[in-house]
Amino acid sequence: LSARELAAVRADFPLLERTVRQGRPLVYLDSAATSQKPTAVLDAEQDFYERRNAAVHRGAHQLAEEATEAFEGARAEVARFVGADVGEIVWTSGATAAINLVAYALSNATLGRGGAAAQRFALAPGDEIVITEAEHHANIVPWQELAARTGATVTYLPVDDEGRIDTSVVDRVITERARVVAFTHASNVTGAITDVAPIVRRAREVGALTVLDACQSVPHLPVDLHELGVDFAAFSGHKMMGPTGVGVLYGRRELLEALPPVTTGGSMIEVVTMTESTYMAPPQRFEAGTQMVAQAVALGAAAQYLGELGMDAIAAHEREMAAELLKIADLPGIRVVGPTDPENRLAVVSFVVEGVHAHDVGQILDDAGIAVRVGHHCAQPLHRRFGIVSTARASAAVYTSAQDVAAFRESLAGVRTFFGVND
Ligand code: PMP
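As the structure is a prediction and not an experimental result, all values here were calculated from the model.

Peer 1: Can you walk me through the pairing of strand S6 (residues 153-157) in this structure?
Peer 2: On a regular strand, one side chain projects to one face of the sheet and the next to the other, so that they alternate. In this sheet, S6 lies alongside strand S5 (residues 128-132) in parallel orientation, the contact comprising 5 bridges. Of the residues in S6, the one forming a bridge with Val 130 is Thr 155. Following the chain from S5 across helix H6 (residues 141-150) to the adjacent parallel S6, one finds a crossover that is right-handed.

Peer 1: In this structure, what is going on with the site of the ligand? I would like to understand it.
Peer 2: Residues in close proximity to the ligand include Ala 95, Thr 96, His 136, Ala 138, Asn 188, Asp 213, Cys 215, Gln 216, Ser 236, His 238 and Lys 239, which together make up its full environment. Note that an oxygen atom of the ligand is positioned 2.6 Å from one of the side-chain N or O atoms of Ser 236. Against a free-state accessible area of 400 Å², the protein chains account for coverage of 84% of the ligand. Class assignment for the residues of the shell around the ligand results in 3 nonpolar, 6 polar and 2 charged.

Peer 1: What is the right way to read the side chain of Arg 345 from this model?
Peer 2: Within the fold, Arg 345 resides in the loop between strand S13 (334-337) and strand S14 (348-353). For Arg 345, which is buried and forms no salt bridge, the nearest opposite charge comes from Asp 341, at a distance of 7.2 Å. For Arg 345, the side chain forms a polar contact with the main-chain oxygen of Thr 190, separated by 2.9 Å. Polar side-chain contacts of Arg 345 include one of 3.0 Å to the backbone oxygen of Val 348. If near-sequence neighbours (up to four positions away) are discounted, Arg 345 is found in contact with Arg 164, Thr 190, Gly 191, Ala 192, Ile 193, Ala 322, Leu 326, Gly 338 and Pro 339.

Peer 1: Which parts of the structure should I look at to understand the packing of aromatic side chains?
Peer 2: To describe a pair of aromatic rings, one takes the distance between the centres and the angle between the planes. Summed over the entire model, instances satisfying the criterion amount to 6 aromatic pairs. One aromatic cluster in this structure is built from Phe 13, Tyr 305 and Tyr 399. If you follow Arg 149 out to its NZ or CZ, it ends over the ring of Tyr 104, 3.9 Å from the centre. Sitting over the face of the ring of Phe 386, Arg 385 holds its NZ or CZ atom 5.1 Å from the ring centroid.

Peer 1: Got a minute to help me understand the pattern of salt bridges in this structure?
Peer 2: When charged atoms on two side chains of opposite charge get close, those side chains can pair. Applying the stated criterion across every chain yields a total of 23 salt bridges. Notably, a salt bridge pairs Asp 127 with Arg 179, separated by 3.5 Å at the nearest N-O pair. Taken as a pair, Asp 127 in the loop between helix H5 (115-118) and S5 and Arg 179 in strand S7 (residues 178-184) lie far apart in primary sequence, 52 residues in all. On the basis of relative accessible area, Asp 127 is assigned to the buried category, the value being 6%. Classification of Arg 179 by relative accessible area gives partly exposed; the value is 22%. For the salt bridge of Glu 324 with Lys 327, the shortest nitrogen-to-oxygen distance reads 3.2 Å.

Cut-offs used in this document
Just so you know, the residues in each chain are numbered from 1, in the order the chain's sequence is written. Per-residue local features of the predicted model are confined to residues with pLDDT of at least 70, and side-chain atom pairs are confined, for both listing and counting, to 80 or more; whole-chain, interface and lining totals are unaffected and use all residues. Water and hydrogen atoms play no part in the side-chain values, which are based on all heavy atoms of the structure. The pairing criterion for strands is at least two bridges between them, as found by DSSP. Starting at the N terminus, helices and strands are each numbered in turn, a helix being any DSSP run of H or I of at least four residues and a strand any DSSP run of E of at least two. For the handedness criterion, the strands are oriented away from the viewer, and a crossover whose path from the first strand over the helix to the second runs clockwise is classed as right-handed. For each residue, the test is whether any non-hydrogen atom lies within 4 Å of the molecule or strand; if one does, the residue is near. Under the rule applied, a polar contact is a pair of N or O atoms within 3.5 Å (in protein, one hydrogen donor and one hydrogen acceptor; residues adjacent in sequence only if both atoms are side-chain atoms). A 1.4 Å probe and the Shrake-Rupley method give the accessible areas. Residues count as covered only by the protein chains that appear here. For this scheme, ten residues count as nonpolar: Ala, Val, Leu, Ile, Met, Phe, Trp, Tyr, Cys and Pro. Four count as charged, namely Asp, Glu, Lys and Arg, and the remainder, Gly too, count as polar. The classification of residues rests on relative accessible area computed with a 1.4 Å probe and restricted to protein chains. Under 20% of the type maximum is buried, over 50% is exposed, and intermediate values are partly exposed. A positive count includes Lys and Arg, and a negative count includes Asp and Glu. His and the chain ends are not counted in either. Within this document, salt bridges are pairs made up of a side-chain nitrogen of Lys or Arg and a carboxyl oxygen of Asp or Glu, the two lying within 4 Å of each other. Two residues form a contact once any of their heavy atoms are found within 4.5 Å. Note on ring pairs: Phe, Tyr and Trp rings are taken, using the six-membered ring of Trp, and paired if centres are within 6.5 Å. Classes follow the plane angle, with under 30 degrees stacked, over 60 edge-to-face and the rest tilted. Only when the NZ of Lys or the CZ of Arg is both within 6 Å of the ring centre and within 35 degrees of the ring normal is a charge said to sit over the ring.

Honestly, it's all geometry; don't read function into it.
Okay, here's the thing in structure tokens:
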């Protein structure tokens, strides 16, 4: 982005204008946790409530028709944005809910729900669920729970010393017993982007389902789910300029059609008698109850906003920000956890300041108006792999400027002096 383009982008985000800590300009470097929202998204949500609010899919009146159109229009917008068909997009409350939906649908299939079509999804003792050492807890715990419910075993692909998923061992780790392979597209700790193809190739070879955690990739890279060839993918609205409370489960059409529902009730049934019920086709089968209509509409606006900026332009700008952030590796006593080359990684940089606790690093930066995240970032196994408990993490988005990163580097350079740590 040129300076003028970046200034225009920043002007779209009202929150970036505020000050913190007694009048300091906010330097927001926590977009991997949640992104800020452009006016287009805020307006879309407000406009929905002001002019079109109604329950979708069932009203006999004009408002309900307009609300349904906006809701389904947003689904189409999001589908286009990630290279999927509209019927393959299930609204969920977020990525965590989306991954749990898959895990619970598979356990319902194991219990015999979903009839003959779902039997191929059943898991048995001795079957394997493969995850990776780089996962967010949202892509670990639901699989441990599924394993506990079905007798399956969790195994994992390790990461290398840069935090990249080691795809050289896929043939050994993903065995003939693998039924599910769940892995992240990009790490929320190291920023490493996963080489998806060898994992999908091997999973197909052994007949395992693939579940991609696309939380960090969809907001920052061009993503085409059909091209990636995964079976399922999960991502959250709030990390891609959209509202909280809405996310997406992508599922290949024929898989969604064969899977039994998880949450049941209104809006997902065809016929209900006092003893049994039949269910609608996907995606509605997985969307019981009154939907998060305003949030979905606003997420559609977010996808449109990102699409108009262009994901290639966004990714290029963020690569520059990654290079700027990674300069901290040259500061004395700073250890970057993850790849130090800005290529093939996101602008998500976690680091350790030797001799200073991550929470103290966060506090010093916060005093200067710089927002970073500290802790284990919901990835304890990955931290354990590197022999550490916590890191501080700076992460960028398309609205991040080189000045933001310079302010961060300058404050960080003073942290060890402040705590009297000597080299
Ligand atoms: N996976 C990754 C890689 C993430 O970064 C996050 C959010 N930190 C999640 C899953 C979970 O997303 P949510 O909390 O929005 O459900």
